[in-house]
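# Structural characterization, general
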Amino acid sequence: HNAPADKTCAVTVQMYSPTLAANSWAQIAEASAAGKASSLWKVGDTKDIIVNGETLTLAIMGFNHDDLQSGGKAGITFGMKNLMASVRDMTSLGSNSGGFTSSAMYTWLQGTLLNSLPADLRGVLKSVNKKTSAGNKSTVINTNAMKLFLFSEQEIFGAKIYSAGGEGAQYSYFATAANRVKYLANGAGAVRAWWMRSPVVSNSLYFCQVSTGGSSVSSALVSAIGVCFGFCV
């Protein structure tokens with residue numbers, strides 16, 4: 001380097017904490033986009049947010065797993081370590097026709113819940129392409145871009161059990177059976193079953209759910225059970 005002695009060079013260095021929770025969402029998103037996330041943090045690491053006064057703990061589900069709507073892979077997928085305090089029906093329509101994107105749950109996630117997230121998190125969410133069967137006993141798989149989602153049966157169990165299949169691959173986090181058992185009120189409440197986004201393929205009335213024991217079962221649409229949502233940064 002032959003610059004004169006009085007030459008000034010500006011250098012920007014971005015530092016990340018190995019403790020996920022100590023980083024801002026902007027830092028996490030930057031590390032994710034740079035492909036550094038998996039070398040900084042591990043599956044299962046957590047960070048808390050507050051939504052409408054309720055503390056929710058988010059855990060890393062996997063790295064470079066989901067397809068960005070814009071192309072390429074989302075660096076990090078997060079999901080809830082436990083469940084929200086309140087329970088919800090999937091839909092009141094009486095049918096799983098149209099699949100997840102036709103449900104009241106989907107509308108609530110993309111509207112009410114999304115708008116309730118902290119602004120710093122909302123600003124770094126990525127739209128990712130998620131696959132779900134069309135419902136009404138159909139094996140047709142639709143792909144829809146979304147910022148908030150429920151997990152599919154294959155994303156949780158790595159296999160189709162009650163669903164049509166073809167709805168993604170298992171996340172590393174859910175390969176540990178204990179991580180499928182979840183409790184209301186961010187872990188402070190009772191153990192509760194929780195929704196998947198997968199319609200049951202054998203009928204037009206049910207969606208899949210994860211039981212209190214962590215197995216896959218089918219449930220009527222108006223069963224008020226737990227909500228475990230996910231997103232990508």
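First, a word on scope: everything that follows refers to the structure included in this document. The model shown is predicted, which means the values in this text are computed figures rather than measured ones. (Residues numbered from 1 in each chain as written. Predicted model: local features only at pLDDT ≥ 70, side-chain atom pairs only at ≥ 80, totals over all residues. Heavy atoms only, no water.)

What follows is about the side chain of Arg-180. Position of Arg-180 relative to the elements: it lies in the loop between helix H5 (153–157) and strand S8 (194–199). Here Arg-180 sits buried without a salt bridge, and the closest side chain of opposite charge, Glu-153, lies 10 Å off (N-O distance). A distance of 2.9 Å separates a polar side-chain atom of Arg-180 from the backbone oxygen of Phe-174. Excluding residues within four positions of it along the chain, Arg-180 makes contact with Ile-156, Phe-157, Gln-170, Phe-174, Ala-175, Trp-194, Val-210 and Gly-214. (Helix = DSSP H or I, 4+ residues; strand = E, 2+ residues; numbered from the N terminus. Buried < 20%, exposed > 50% of the residue type's maximum accessible area, 1.4 Å probe, protein only. Lys, Arg positive; Asp, Glu negative; His and termini not counted. Salt bridge = Lys/Arg side-chain N within 4 Å of Asp/Glu carboxyl O. Polar contact = N/O pair within 3.5 Å; in protein donor to acceptor, adjacent residues only side chain to side chain. Contact = heavy atoms within 4.5 Å.)

With respect to the helices and strands, Thr-19 occurs in the segment before helix H1 (25–33). Thr-19 gets classed as partly exposed once you look at its relative accessible area, which sits at 48%. With 160 residues separating them along the chain, Thr-19 and Asn-179 place their C-alpha atoms 20 Å apart.

For the rest of this paragraph, the subject is H1. Taken together, the buried positions of H1 are Trp-25, Ile-28, Ala-29, Ala-31 and Ser-32. One face of H1 carries all of its buried residues, which in axial projection span an arc of 165°. Those residues of H1 that are buried are in contact with helix H2 (37–40), strand S1 (46–51), strand S4 (76–80), helix H4 (119–122) and strand S11 (229–232). After H1 finishes, the residue Gly-35 shows a positive phi value of roughly 75°. (Arc of directions from axis to C-beta.)

Now for helix H3 (residues 104–116). For H3, spanning 13 residues, the distance from its first C-alpha to its last is 17 Å, which sits close to the expected 18 Å at 1.5 Å a residue. Of all the bends in H3, the greatest, near 30°, is centred on Gln-110. Residues Met-105, Tyr-106, Trp-108, Leu-109, Leu-113 and Leu-114 constitute the buried set of H3. Contact partners of the buried residues in H3: S1, H4, strand S6 (141–146), strand S7 (149–150), S8 and S11. (Expected span 1.5 Å × (residues − 1). Bend = angle between axes of the 7 residues up to and from the residue.)

In this section: unusual backbone geometry. The backbone phi angle of Lys-137 is positive, close to 70°, even though this residue is not glycine. Along the polypeptide, Lys-137 turns up in the loop between strand S5 (128–133) and S6. Taking the relative accessible area as the measure of exposure, Lys-137 reaches 53% and is therefore exposed. Positive phi is not limited to glycine here, since Asn-186 has a value of about 60°. Along the chain, Asn-186 falls in the loop between H5 and S8.

As a further point, take the sheet that holds S7. Remark on secondary structure: sheet strands pair via backbone hydrogen bonds, oriented parallel or antiparallel. Ordered by their spatial adjacency, 5 strands build an open sheet running S1-S2-S4-S11-S7, and the pairing between neighbours is antiparallel. The outermost strands of the open sheet, each flanked by one partner alone, are S1 and S7. Direction of pairing for S7 relative to S11: antiparallel, over a ladder of 2 bridges. Its bridge partner lying in S11, Phe-149 is registered against Gly-230. Most of the contacts of H1 go to S4, to which it runs at about 135°, and overall it touches S1, S4 and S11. (Pairing = 2+ DSSP bridges. Axes fitted to C-alpha atoms, helices over the stretch in contact; angles between N-to-C directions.)

Glancing now at the environment of Ser-219. Within the secondary structure layout, Ser-219 lies in strand S10 (residues 216–220). Aside from chain neighbours lying at most four places away, what touches Ser-219 is Trp-195, Leu-205, Tyr-206, Phe-207 and Gln-209.

Before going further, it helps to spend a moment on the pairing of S1. Where burial is concerned, the two faces of S1 differ: the one with Lys-47, Ile-49 and Val-51 is buried and the one with Thr-46, Asp-48 and Ile-50 is not. Pairing between S1 and strand S2 (residues 54–63): 6 bridges, direction antiparallel. Bridge pairing links Ile-49 to Leu-56 in S2. Counting the residues between successive antiparallel strands, the hairpin from S1 to S2 contains 2 residues, one of them, Asn-52, with a positive phi of roughly 50°.

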